[in-house]
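The primary structure of each chain is shown beneath.
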Amino acid sequence: QVQLAESGGGLVQTGGSLRLSCTASGRPFGSYALGWFRQVRGKEREFVAATSWSNTDYSDSVKGRFTISRHPTQNTITLQMNNLTPEDTAVYYCAAKYGVLSLPPEYWGQGTQVTVAS
């Protein structure tokens, strides 16, 4: 059974930092891109960042503030989020897809809430 287990969400003040983690299990993920989407209630889910073994990608809204990394031998990714603003408030979902992480992914995590207070 494939699982994407997220952790690390919470409440932070504007300008603060949070670190999200996601561990994938249940199948080999060596050729899979792993990454993050986020969703605000009432809006569509949007791409945040993704990493494969050869490439990383960020949305323009987080570029320069967020850093995605992948453990070299484990199916674990982290998202370091710095200089957070209230506009970053959302439920963050870990996702996985063979090759390139595009919608729809093959697998979703359950989501973790990030709230940035002004």
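Residues numbered from 1 in each chain as written. Predicted model: local features only at pLDDT ≥ 70, side-chain atom pairs only at ≥ 80, totals over all residues. Heavy atoms only, no water.

### Quick notes on the overall build of the protein chain
- Secondary structure summary: the protein chain contains 0 helices and 11 strands in total.
- Shown N-terminal to C-terminal, the secondary structure of the protein chain runs as helices and strands in the order β-β-β-β-β-β-β-β-β-β-β.
- Rg of the C-alpha trace for the protein chain: 13 Å, near the compact-globule value of 13 Å for 118 residues, within the 12% margin.
- Principal-axis analysis of the C-alpha atoms gives the protein chain an extent of 40 × 25 × 20 Å.
- By residue count, 42% of the 118 residues in the protein chain fall in the buried class.
- Across the protein chain, contacts joining residues at least 24 apart in sequence account for 57% of those joining residues at least 6 apart.
- In the form shown here, the protein chain has an accessible surface area of approximately 6200 Å², with 49% of it arising from carbon and sulfur atoms.
- Positive and negative side-chain charges of the protein chain, numbering 10 and 8 respectively, have mean locations separated by a distance of 4 Å. (Helix = DSSP H or I, 4+ residues; strand = E, 2+ residues; numbered from the N terminus. Rg over C-alpha atoms; globule rule 2.2 N^0.38 Å. Buried < 20%, exposed > 50% of the residue type's maximum accessible area, 1.4 Å probe, protein only. Contact = heavy atoms within 4.5 Å. Areas by Shrake-Rupley, 256 points an atom, 1.4 Å probe, with all protein chains shown as cover. Lys, Arg positive; Asp, Glu negative; His and termini not counted. Charge placed at Lys NZ, Arg CZ, Asp CG, Glu CD.)

### Considerations on the nonpolar core
- In this structure, Trp36, Val48, Phe66, Leu79, Met81 and Tyr92 are the most contacted members of the largest nonpolar core, which totals 26 residues.
- Counting residues per element, the ones that place at least two in this core are β3 (18-25), β4 (32-39), β5 (46-51), β7 (66-70), β8 (76-81), β9 (90-98) and β11 (112-117).
- Met81 has contacts with Gly16, Ser17, Leu18, Leu20, Arg65, Phe66, Tyr92 and Val114, leaving out every residue within four places of it along the chain.
- Ranked by size, the runner-up nonpolar core spans 5 residues in total, among them Ala33, Phe37, Ala50 and Leu101. (Core = buried A, V, L, I, M, F, W, Y, C linked by side-chain atoms within 4.5 Å.)

Keep in mind these numbers describe shape, not what the thing actually does.
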